[in-house]
Structures are given as C-alpha cells and as structure tokens.
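Reading the structure
Residues per chain, in single letters:
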Amino acid sequence: MYLQRLAYTAILLWMYFICAQTFAQNNQLQSYTLEDGLPQSQVYDVIQDEIGYLWLGTQGGGLARFDGEKFKVWNESDGLLSNYIHAITHANDSIFIGTKRGLSIKTKRGFTNIEGPQVNKILKVANKTFVATDNGLFQLKDSAALKRVSVHEFINKSVVNDIVFDGGHFWIASSRGLWRLKELKDNPTYIRKKATNNFTSLAVKNNKIYAATYNAGVLVMNAKGGRRADYVLFERPYRINKMQIIDGQLWVATDNSGVKVVSLLDFSEQKTLSRTSGLSVAHIRTMIRDRQSNIWIATSGGGLYKYFQNSFKHFDRRSGLKGNRIYAVHKAADGLWVSNSEAGLTRIDSLGIHPIPEDERFSEVKFKTIASDSSGNILAGTEGKGILFRETIEVDSILIDSSDLKNIITDTIVKKVTKDHLIDTKLGLTSDWIRKIEIRDDVIWVATYSSGINRFKYSSETGKVSDMKKFGPRSGIKDLFIRDMRIDNDGKIWYATKDGHLGYIKGNRVKHLGNIFGRNITINSLLFHEDKLYIGTSGSGVWWASVSDPTNIARLKGKKKLYSDNIYQLIFDNEGNLWAGTERGVDKIVLNPSNEIVDVFHFGRNDGFLGIETCLNAVDKDDEGNLWFGAIYGLTQYQPGTKKDTSIKPTLHFEDVEVAYQSIDSINLNEWTNSEKVVQLNPSQKQVTFAFKTIDINNPSEVQYRFRLNKGEWSPWSFESRQNFAGLAYGAHNFTVQSRNRRWEQSDPIAFNFFIQRPFYKKFWFQASVFLAILATMAILALRYLRRVKKRNREERERLQMQNHLLSLEQKALRLQMNPHFIFNVLNGIKAMGTSNPGKMNTTINTFATLLRETLNNSRQDHITLDQEVQTLKKYIEVEQLMATKPFTYDIKVDSDLDKEEILIPPMLIQPFVENAIRHGILKGTRKGKLNIYFSTNGGDFLHCSVIDNGMGIFQSQKTKTNTDHQSMALTVTTERIESLTGKDTLKIKELQTEKGTVTGTEISFKIPLETDY
C-alpha cells in the first residue's frame, strides 16, 4: 500500500513537472496582436516577399506589411478592393491579393482592382497567373481582367480551395473532389478526378501529393498518377485549413486543434502547438517558414505568432510562478530559489515549480536577496521586515499499513520539515531593510540599504544571534548606501555603493577605497572571476580591475560595444563568457586574455529573452551550467549549447528614390539597382533622396547603414535608412549604400546611377562663344579704359604734387607763425631787464641767442629727435627763468625703452604748452613755482606727453585775463597740429585738485603717433 502511494505521488509530480516544462516553452512562441499594430486578430494568409517583408491578409483589417518591428497597413480607404483577404502571393515588385470581392494587385503606384468571386488561392506558373475562387478557376489576363478557365463543369460550379503544380501536372483541391490535369485551359485533353471529398489544401514533396480534406484527414498519394491513397493521416476530424512542408515535416493548420506536425519519413506525429503550448486560440489558418528559420503561424482570433527555437526557457505566472517580477535568484542544494513580486518564495527543481507556503509575518513583502548555509537553510532578506531564516530539519516518520489487520506493516522514513525564524532589529540588526546576504563558514554577512554591514552567527535552537559585529561610519565605511556585496576567494567582504565607492572588510578592519571613478557613478553589481574584479554600473557600462590593485580600474572596451551601459547583473558561464543583464535584455560578452571585448551577443525579446528588463543582481548559475536571470516579466533560463547562434548575410534594396521630393514611380528600382542604366535628370532636378532597407525580422532595430556618393569616402555606420542630397553638381553621379546586421555581417553594396543634365548656358559650346564675345568686348573696353586711366592719373599726379607743395609751404608758415610770437615775448623781457638788471640781461641774451639758433634750425625740419626737443625746451625754460619775476623749478623726464635720439617728434610742439604753463600758471600763482614735463612710450604705438604746473589753475587764470592779455596764437596752432596727427579730442586739459577741492595746478596731456628714425 505504501509503495502504491509512493508511485502515485511520483506520477503526480512527474505530470506537474511536464506541465510546467510545457508552459516554460512559451519562449518559443511570440505573439503579435492589436497592441503591436496588427490591424485585425484574424489573419488568414501570410507570405514573405523577396525583400524579406512579411505580408498579412486579415479579415476586416485589410493588408499589413511587417518588417519585424512595425506594421504598415493598407485598407479600402487606400484603394484596396476589400478588407477581407483570403490569399496573397508576390511576383517581382507586385503583391497579388485575393479578397472576398475579387483580386487586387498592389504596386508602387497603388492598387489595381478586378472584381470577381472570393479568391482562395493565387498560383503563378510560367508567367501565367491562375486564381482559385469560390466559383471555379480563372486566369488573369494582361488587360487586367479575370477570364474563366473552363476545365470541367464540376470544377466550374465548385469552391476551388487550392491549386499546385508538381512539375508535370496541376492538382486542384475543390469542394467537389481532388483533380489532376495536364494543362490549365478550357476543355483540357487530360483531366482525372482522384478522390471525392471537400479538399482544402495541397502540398507537394518528393513525388508525393499531400491532399487535406476538411474533416476526413490527409491523403498521401503518388504524384505520378496513383488512383488510391497510399496513406491516410489524421483520421480524426481535425477540420484542416492549410498544410505546409517545413524542414521535412508536414505542418497542418486546423480550426479546432492548433497545429499538428508530422514527420514525412514515418508519418509519426512530432508535436502539437495549441493552447497548452502558448497559443491563445486553436483556430489556425496557415503557416510559413521565413529566411531566418522562424515559423509564422496565422490564427483566427489570436493574431500572428512567431515560433522559433532558442536557448532560453521562460517561466512566469502561467508556468506556475506566483508572480512575474523576479527580485532574487539563488542556487541552493535543493534547487533554485526565487522571489517573485510580493508573493513570497518559490523553489524550482527537476520535479517542477514549488511555491513555498507564505509566513504571515512576511505577507506582501519583497524578498530582495536569497542565500543558503551549509545545512541547507534558506536566508531571505526583505524590504523592511528583516531576514527570513527558513530552517530545514530531518525527522523520522513512522508509516503504518493497516489494510490487513492480521499483518500490520510499519516502516520508518526520513522526512524533512521546515520552520521559519525571523531575524530583525530586535535581535541586533542595524536595519530591517536588507540589500544582500552572503554566507561563509556559517558566518552570516548582511548588507543593509543604508545602515552599514552586519556580521553574526544565528542559532535556530535559541533563536538568538551571536558574535555580532557592526560595520558603519565609525568602522570606516564612508558611504552607507550599499548596492552590492560579494566575498572573494580570500574571504574578504567587498561592498559597492550608490555613489561609486568601493571597499572591503578583512577580519575586523574596513579598507575603504573611496570613489574609484573620481565622479558619482552608481555601482550596481560586483563579480569576481579568477583574479579579476568586474564592476557593473548605472550608465557607464562594465569596469574591471585586478583584485590586488582594485583602484586601477579600466572600462571594458573592444571592437564592439554593449547594447546598454545600465548594468544590473553580472555572471560568467562555464565557457568563460561574461553575461551582463540590462534594461534591454542580456548581453553575452566574449573576452580575450587581455580582457578586451572580442564579440557581443545580445538577447532581447525577439531572441527569446522575454523577461526584457533584468532585476538588480537577480542572477545565478546551477550545477549544469544553466544561467538563470530574474527580470520584471518572469524568470528566464539559458541552456548553453542548445542552439547555435547563426545569422544570414543581410540583403539590401532600394525602397524609394525621390527627385525634388517626388517619388520616381516610372521605373522598377530592382531593375535599375547595380545596373548600367542611368536616370536622366533635368538641370532643375538637383535634389535626390534615397530610401533603402535591409529586413531583419529577428533584429530589425539593429541594422546599420553606410553610404558614399561617387568615389568619396564611406560615411560612418548609422541606423539612418534614408539619405537626402540637395544642390548636387551637374553631371554623372553614383550612389552606393551597404548594410550590416547585429553580427556586423555586411551586405553586398547596391548602387544607383543618375545624371543631372547641364543647362544650355552651362554647356561648353555656349560658354566658349560667350567667353570669346566677352573677351573681345573686354579688349576694346580695356584699351579705351587704359587711355582714360593714363590721362586721369597724369592729371591726378600733377594735382597731388601741387597740393603737397602747398601743404609743405603751409607747415613751414605755421612754424614761422610760432617763431615771431616767441621772439616778441623774449625781446619784451630783455627790454624790461635793460634798466633794472643789465647783468641778467646779458645772460639772457646769450641764452636766447642759443635758443634762437636751435629754433631756426629745427623749424626747417619736419621732425627732430626727442633729445633735441628736450634740449630746446631746457634752453627755453632757462630763458623764462631769467625773465621771470619769481623763481620756479622744472623737471623733464623720459620713460621709454627706446633711446631719446631714436624717437622723432615734430619741432616746436611742446613749447607753446610750456610757455602757457609758466606765464599763465606759475607766474600768476602764489606758490613757489614748479614745472614737470613727462614723455612716455609705454602705451605702445604712441608717444604720450604731459605738462604739469602748480599754478593757480587754467580756469581761474582765464577769469583773470584782461583784454590786453595776449592769447598765444601758437597754442591754437599747436592744438590743430596735434589733432591733424592723432585726431580730435586728443588734447586733454584738467585742473589738479586736492580731496577738499583746492586747485593745485593744471595738467595738459596729449599723444601723437610714435615715430622712430629706423
């Protein structure tokens, strides 16, 4: 009895495991519904054209084109004959659409519609197009009309569901039987009815005809003319809609049982795809296999499905998990433990998925980390509730079989029981918010969210902690916002923080390494592999360093880049490849011995990684080397070696060519691509736009392009699939473009030639004629112009010579005007001394004679040296001192890096200001006179001059002047000379005052351009 119960329990566990594994295969089916842009959930036909697009015919939603990422839809408002489509095929650049109301033909220009009965199948053979309808068989004529093909009166009145050509004969599946005939024409010479039934679909393979009936199975017949079926498949009434032969298997679409897959070798049923496999409906219309080995399943009511093989298994709520969001993943001795949503813990082992009964103390709590000790006890850290310590104990249990009272059987078995304990702040933790738990030699290390790290041991017998050691700011941890914690091979406890700090604990001492990046970069994950430390960050990718020198970090770089720099998970597989979990999926990173990136394999939703965004540090590896990733949409298992990552060489085509922003609809772009044909453009058509596309159904957003015009350099690779050129030069042009897929496999380049005609005024003959005419005209005009220029230059030269002579005379006259005035003043002074001081008069006369001689010599020159000017000023001031009624002193200073004999200055430029300072400033003042003269060239390109006296002030002096006072004409002339040299407002005159407003003198300053004798 006990053995029977044990066997029964094992069977139930096995059935549960099989069910869970079946649900876990959902990763092989990816659905596309209305939410993804599909116009209608009833898809009745699907094909792939030569470019790679998928074309879908829907019931009520019209025609849809799919590139792996987006659906583009055409319906009756765009010119489609009917939104109810039953069949599609393609040829060249045209799509043939069988609708409820007849046939539509889509080209680049639009739709051509031919009304008729409902079209169920379109067959193109030897440049002929045949159409199977609800009212017999028709042929498409060049005049865009349908002509009935009257092959048999029964066929003419029946629903023709399918038609195929086996290379020698045509086979027709109709509602009134299966027919074989030699030719599709009126009254054919050979036509035979092979079977009577409602036939819905046909397939041909290796001289075998597979004819599906609606509810009587599939007949397998010899294509060479056998009258009876060799074999009958699916005798059960599956109600078959369509059949396809894919990879040596017969795929059968039914409207009540999903998809049946049968081997063509022994006709054994291989598998069934139905609701239990992940399909939302069991009504299947058709299937196709695309170029990338995906199988597309069109359903009635469930949209479109992509069925594909990969290395991932996906687990979610439908698989038996208690929720989809996975916060933590841990490989323990008894299986894989995960926490999902706020619904507690789940254990997964070889027998299936086992939800763990929830402790009321941890109801609706997030478990953010899981660990296990050497005894198999589970520790799970929470947000705000501390740590769940799940203890596992083995106890003996006695089983009694009393079915036979005369022979009672007892047996003892070992039974495992569990007990939950709570470790929180009441037992000594610094916080109940637990970020990470690590266990080494039964010593428990706990990193909290923001309260440091705790180290302790826990006794389940006493329910108490011991050897508690707390590490925080006093211990040396300077950033408490810990994001991850790991133990290295030497037993050091490493921690990483939100602001990019790194440190480790060895023994009881903290070694805080500080911010290793030099800026605030959040560290999400730490990982040790061999002797290296790998660091995953938010926004800055993956970094690495030697464990012996952790501050000498470097970013992982190489030929390829990661698909995202937001790293949430890091783990190595058994082949030495680094895996990084991001918000976009997972990246497998192949590294060389120098830790450079050799290759990057990205896995996202289209590759079977349905969890999409990974959760922080929710990753682990089991004993078989499988990787387990926790994500926001479930748990994903990666099984190494189950599928080889392959890709096909991309193909590229031109989607459109626009000239002056208008599409060129008059040409077939396929015929003009990579050909010698050249599109001729008129001179005004200098704007050309090219639209190009590579269809990658699996990874549409990862195709890149580069281009070049003529023989120029290739552009950088980019995701832009459209290029515009404006203002192109006249002449021949060649546009070349190339694409590459995510594996960086490059397509063959495609090119398009065009020629922009030159306008007639740009052509050589016209330009040569115009040039010669212009040249002759210019020669005549040039001769006449040269004559006029010579005459005008001669007259201008004579005028300038006269003007220059007059200016020279004027300058000399100005200098002569100053000299008599000066002489007049001196002689008046000498006259005054003749009676009062004859001795002083003699001295004055001698000094004046010297001054007069220098003045006369200087007046004959345009410039004198600054040294000469200073000497002349000294002689003049000495004469004034001899004539003055009161004594005064003077000082002349020159501040210049140049020698005074190298600096040139117009003669008699300073003297009038000195005279004015002495006579109207110093001599009229009450103070002992003092005169200062400064010359400076520190200003750069100018000579600065200043004359400063300590007299009564210029404005007071002007008030005291009488009508008999002589206003120096030399001062006015000198002012005009300065303005002619430097410009207006160059001369500055100001009174010097104390802080109390008392006038202390006058300062006159100006500047003239600096000139030297070299």
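Rules of the game
- Residues numbered from 1 in each chain as written.
- Predicted model: local features only at pLDDT ≥ 70, side-chain atom pairs only at ≥ 80, totals over all residues.
- Heavy atoms only, no water.
- Buried < 20%, exposed > 50% of the residue type's maximum accessible area, 1.4 Å probe, protein only.
- Helix = DSSP H or I, 4+ residues; strand = E, 2+ residues; numbered from the N terminus.
- Pairing = 2+ DSSP bridges.
- Axes fitted to C-alpha atoms, helices over the stretch in contact; angles between N-to-C directions.
- UniProt positions renumbered as here; feature names shortened; annotations may be inferred.
- Core = buried A, V, L, I, M, F, W, Y, C linked by side-chain atoms within 4.5 Å.
- Contact = heavy atoms within 4.5 Å.
- Patch = residues over 30% accessible without salt bridge, like charges linked within 9 Å, V, L, I, M, F, W, Y side chains within 5 Å.
- Areas by Shrake-Rupley, 256 points an atom, 1.4 Å probe, with all protein chains shown as cover.
- Salt bridge = Lys/Arg side-chain N within 4 Å of Asp/Glu carboxyl O.
- Parallel < 35°, antiparallel > 145°, perpendicular 65-115°, else oblique.
- Left-handed = near helix turned anticlockwise from the far one by under 90°.
- Nonpolar A, V, L, I, M, F, W, Y, C, P; charged D, E, K, R; others polar.
- Lys, Arg positive; Asp, Glu negative; His and termini not counted.
- Charge placed at Lys NZ, Arg CZ, Asp CG, Glu CD.
- 1 Å grid on protein atoms, 1.4 Å probe; cavity = no way out; pocket = protein on both sides within 12 Å on 5 of 7 lines; lining within 4 Å.
- Points joined across faces, edges and corners; volume = space filled by probe spheres on them.
- Polar contact = N/O pair within 3.5 Å; in protein donor to acceptor, adjacent residues only side chain to side chain.
- Expected span 1.5 Å × (residues − 1).
- Arc of directions from axis to C-beta.

Looking up the protein chain in an unreviewed UniProt entry gives the name Two-component regulator propeller domain-containing protein, with the organism given as Sungkyunkwania multivorans.

A closer look at the pairing of strand β23 (residues 249-254)
Of all six residues in β23, six are buried; the element is thus mostly enclosed. Of the two faces of β23, the one holding Gln-249, Trp-251 and Ala-253 and the one holding Leu-250, Val-252 and Thr-254 are both buried throughout. Pairing geometry for strand β22 (residues 240-246) and β23, over six bridges, is antiparallel. Bridge pairing links Ile-246 to Gln-249 in β23. In sequence, β22 turns back onto β23 through a hairpin of two residues, with Asp-247 there showing a positive phi of about 55°.

Side note on unusual backbone geometry
One non-glycine residue with positive phi stands out, namely Ser-293, at about 70°. Looking at the element boundaries, Ser-293 is found in the loop between β26 (284-289) and β27 (295-299). At Ile-612, a residue that is not glycine, the phi angle is positive and equals roughly 65°. Mapped onto the fold, Ile-612 is located in the loop between β53 (597-603) and β54 (614-621). Ile-612 gets classed as partly exposed once you look at its relative accessible area, which sits at 28%.

Looking at the sheet that holds strand β4 (residues 63-66)
One open sheet accounts for four strands, arranged β2-β3-β4-β5; its pairing is antiparallel. With partners counted over all chains shown, the strands left at the sheet margins are β2 (43-48) and β5 (71-74), one partner each. Sheet twist, expressed as the mean angle between neighbouring strand axes with direction ignored, is 20°. Here β2 runs beside strand β3 (residues 54-58); their pairing, made up of five bridges, is antiparallel.

Some thoughts on the UniProt feature "transmembrane region" (unreviewed entry) in the protein chain
Taken from the UniProt record, the annotation "transmembrane region" (unreviewed entry) applies to residues 764-786. With 100% helix and 0% strand, the stretch residues 764-786 has end C-alpha atoms that lie 31 Å from each other.

Describing the nonpolar core
Ile-877, Ile-910, Val-914, Leu-931, Phe-935 and Phe-1006 are the most contacted members of the largest nonpolar core, which totals 35 residues. Put simply, the parts of the chain that give this core at least two residues each are α5 (838-859), α6 (866-883), β66 (888-895), β67 (903-905), α7 (911-922), β68 (929-936), β69 (942-949) and β71 (999-1009). Looking at this core element by element, the count peaks at seven residues for α6. Setting aside anything within four residues of it in sequence, one finds Val-914 in contact with Leu-873, Tyr-876, Ile-877, Leu-931, Ile-933 and Val-947. Among the nonpolar cores identified, the runner-up in size contains 27 residues, and Val-46, Phe-66, Ile-85 and Trp-296 belong to it.

Describing the environment of Ala-447
Positionally, Ala-447 belongs in strand β39 (residues 443-448). Judged by its relative accessible area of 0%, Ala-447 is buried. Spatially, the C-alpha atom of Ala-447 lies 5.1 Å from that of Lys-436, the residues being eleven residues apart in sequence. Aside from chain neighbours lying at most four places away, what touches Ala-447 is Ile-434, Arg-435, Lys-436, Gly-452, Ile-453, Ile-482 and Met-485.

A few points about a nonpolar patch on the surface
A cluster of nonpolar side chains, namely Phe-760, Tyr-761 and Trp-765, defines an oily patch on the protein surface of about 390 Å² accessible area. For Trp-765, the location among the structural elements is in helix α4 (residues 764-836). Residue class for Trp-765 comes out exposed when judged on its relative accessible area of 54%.

Describing the packing of α6 against α7
The geometry of α6 relative to α7 is characterised by a closest axis approach of 11 Å and an angle of 25° between their N-to-C directions. Regarding the angle of α6 to α7, the classification is roughly parallel. Crossing of α6 against α7: the hand is right-handed. Counting all contacts with α6, which are made through Glu-869, Leu-873, Tyr-876, Ile-877, Glu-880 and Met-883, the residues of α7 involved are Gln-911, Val-914, Glu-915, Ile-918 and Arg-919. The class makeup of the residues in the contact of α6 with α7 is six nonpolar, one polar and four charged.

Describing a positive patch on the surface
A surface patch of positive charge is lined by Arg-784, Arg-787, Arg-788, Lys-790 and Arg-792. Note that Arg-788 resides in helix α4.

Some details on the environment of Leu-38
Summarising the element assignment, Leu-38 is placed in the loop between β1 (29-32) and β2. Setting aside chain neighbours within four positions, we find Leu-38 in contact with Tyr-32, Thr-33, Val-43, Leu-56, Phe-71, Gly-303 and Leu-304.

Some details on empty space enclosed by the protein
Across all of its chains, the model carries four cavities of 30 Å³ or more by this definition. One number sums up the size of the largest cavity: a volume of about 80 Å³. If you go around the largest cavity, the residues you meet are Gly-344, Leu-345, Ile-356, Pro-357, Glu-358, Asp-359, Phe-362, Phe-367, Leu-388, Arg-390 and Asp-420. Taken together, the residues that form the lining of the largest cavity break down as six nonpolar, one polar and four charged.

A closer look at the side chain of Ser-739
When you line up the elements, Ser-739 lands in strand β63 (residues 731-740). Residue classification places Ser-739 among the buried residues on the basis of a relative accessible area of 0%. Here the side chain of Ser-739 touches Thr-694 through a polar contact of 2.7 Å, side chain to side chain. Setting aside anything within four residues of it in sequence, one finds Ser-739 in contact with Pro-650, Leu-652, Thr-694, Val-703, Gln-704, Tyr-705, Trp-717, Glu-745, Gln-746 and Ser-747.

Things to note about α5
Taking 1.5 Å of rise per residue, the 22 residues of α5 would be expected to cover 32 Å, and the 30 Å separating its terminal C-alpha atoms lies within 8% of that figure. Within α5, burial applies to Met-841, Thr-844, Thr-847, Phe-848, Leu-851, Thr-855, Asn-858 and Ser-859. The buried side chains of α5 occupy one side of the element, clustering within an arc of 135° when seen end-on.

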